[in-house]
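Listed below are the residues making up each chain.
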Amino acid sequence: MGTVDSGSGGVIGGRFASELPAELLIERGELARRIGELGATLAELYRADEPPVLIGVLKGSTLFLADLMRAMHIHVVVDFMSISSYSHSGVVRIVKDLDEDVRDRHVVIVEDIVDTGLTLNYLRKTLQQRQPASLMAVTLLDKTARRIIPVALEYSAFEIPDVFVVGYGLDFQGFYRNAPDILAVRDVARLANDPRLLIAQLFGAKRREERGLQPPQPPLGSGLEG
Ligand code: IMP
C-alpha cells in the first residue's frame, strides 16, 4: 500500500441566502467531481494489493459507497455494517455485522458523515480487533467542529460547518436520502415538528391526499390488483 496523505476536499460554506427551509450546500456535480477524485486516489493506494474490503455503514453511506466504488477502477469487495445510534450513555451496538472475515485483509470504512466521532471510534476499535492487514476510514462529510472524541480519519470528501444536512444518503427520520444534492436545514426544530417539511422544496409535489387522489394502484391486468 502507498502512504496516506491528507484527504479533505476543503471546507464548504453554509450561508442561508433564501427563506426556503433548506439551502443547497453541495450540488450533485461537485459531489461527482470530488468522489471521482477520491475514488482514483484510493484505487492508486490499493492497486498493487489484494482487493480491499469496502465497508459501507448503513444506511447513510449507500449512495456515497455506490459512487465511490465505481470511481475505483480496481477489484474491490463490498460489505455492510449497521450500527445502532448511540443513546445518551454513549453506547454503540452492532445491528448488522459483516459477512466477510476481514482478518489479514485491507479494510476501508466508508462513512456518510463523521460528527461527534463516536460511531467511527467504535467501528475502528471493533474492526481493529479482527486483525485486518490495514484499516482506514473515508467519509463523505466531516463536521470537525462537532467532534467530541478524537478519531483517525484518513480521507474526507468535504469538510462542512456545524449544520444539519440531508440528501445523498443522509436522512431526517428516514426521509430525503434520495435527494441527489446535499442540503443544509435552516431550522432543525421546525423540521422536527414537521419531518415532511422539505418534500415540497425537493420534489415539488403535494401529497396525494392533499390533492384528493386515491392511493397508487397496480396496472389493470397485472395480476396484482386487490
Ligand atoms: P457521530 O456523531 O460521528 O457518531 O455520527 C453519528 C451519525 O449521526 C452519522 O453516521 C449520521 O447518521 C448521523 N448524523 C450526524 N450529523 C448528521 C447530519 O447533519 N445529517 C444527518 N445525519 C447526521
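The structure contained in this document is the topic of the report that follows.

Side note on the overall build of the protein chain
Alright, step 1. Helix and strand counts for the protein chain stand at five helices and nine strands.
Alright, step 2. Put simply, the protein chain runs from its N terminus to its C terminus through helices and strands in the order β-α-β-α-β-β-β-α-β-β-β-β-α-α.
Alright, step 3. Among the 226 residues that make up the protein chain, the fraction classed as buried is 31%.
Alright, step 4. If you take every contact in the protein chain between residues at least 6 apart in sequence, the share linking residues at least 24 apart comes to 67%.

Let's talk about the environment of valine 78
Alright, step 1. The topology assignment puts valine 78 in strand S3 (residues 77-84).
Alright, step 2. Ignoring sequence-local partners within four residues, the contact set of valine 78 consists of Leu54, Gly56 and Met69.

What about the site of the ligand?
Alright, step 1. Looking at the ligand, there are 14 residues lining it, with Asp115, Thr116, Leu118, Thr119 and Leu170 nearest.
Alright, step 2. Broken down by secondary-structure element, the contributors of at least two residues to the shell around the ligand are strand S5 (106-114), helix H3 (118-128) and strand S8 (165-166).
Alright, step 3. Among the residues making up the shell around the ligand, the classes are represented as eight nonpolar, four polar and two charged.

What about the nonpolar core?
Alright, step 1. If you look at the biggest cluster of nonpolar residues, it comprises 52 residues, and the most contacted ones within it are Ile55, Val108, Ile109, Val110, Val165, Val166 and Leu183.
Alright, step 2. Apart from residues no more than four positions distant in its own chain, valine 108 is found in contact with Leu42, Pro52, Leu54, Ile55, Met136 and Val138.

Structural notes on the sheet that holds S8
Alright, step 1. Strand order in the open sheet formed by three strands is S1-S9-S8, with antiparallel pairing between adjacent strands. Edge positions in the sheet fall to strand S1 (22-26) and S8, since each has one partner strand and no second.
Alright, step 2. With four bridges connecting them, S1 and strand S9 (residues 182-185) associate as antiparallel partners. Paired with isoleucine 26 across the strands is isoleucine 182, a residue of S9.

Some points on unusual backbone geometry
Alright, step 1. Here the residue pair leucine 58 and lysine 59 is connected by a cis peptide bond, since its omega of -5 degrees sits within 30 degrees of zero.
Alright, step 2. Summarising the element assignment, lysine 59 is placed in the loop between strand S2 (53-58) and helix H2 (62-70).
Alright, step 3. One non-glycine residue, aspartate 104, lies in positive phi territory at about 65 degrees.
Alright, step 4. Position of aspartate 104 among the secondary structure elements: in the loop between strand S4 (93-96) and S5.
Alright, step 5. Exposure remark for aspartate 104: the 11 C-beta atoms within 10 Å place this residue in the exposed category.
Alright, step 6. Notably, glutamine 131 is not glycine yet its phi reads approximately 55 degrees, a positive angle.
Alright, step 7. With respect to the element layout, glutamine 131 can be found in the loop between H3 and strand S6 (134-142).

Some details on the environment of glutamate 44
Alright, step 1. Along the chain, glutamate 44 falls in helix H1 (residues 28-46).
Alright, step 2. Considering only alpha carbons, one finds glutamate 44 and methionine 72, 28 residues apart in sequence, at a separation of 8.5 Å.

Section: the sheet that holds S3
Alright, step 1. Pairing is mixed across the open sheet formed by six strands, whose spatial order is S4-S3-S2-S5-S6-S7. Of all the strands in the sheet, the pair left with one neighbour each is S4 and strand S7 (155-159). On average, each strand axis in the sheet is inclined to that of its neighbour by 30 degrees, with strand direction left out of account.
Alright, step 2. Bridge analysis of S5 against S6 gives eight bridges, and the strand direction is parallel.

About the cut-offs
- Residues numbered from 1 in each chain as written.
- Predicted model: local features only at pLDDT ≥ 70, side-chain atom pairs only at ≥ 80, totals over all residues.
- Helix = DSSP H or I, 4+ residues; strand = E, 2+ residues; numbered from the N terminus.
- Buried ≥ 20, exposed ≤ 12 C-beta atoms within 10 Å, placed from the backbone.
- Contact = placed C-beta atoms within 7 Å.
- Near = placed C-beta within 6 Å.
- Nonpolar A, V, L, I, M, F, W, Y, C, P; charged D, E, K, R; others polar.
- Core = buried A, V, L, I, M, F, W, Y, C linked by C-beta atoms within 7 Å.
- Pairing = 2+ DSSP bridges.
- Axes fitted to C-alpha atoms, helices over the stretch in contact; angles between N-to-C directions.

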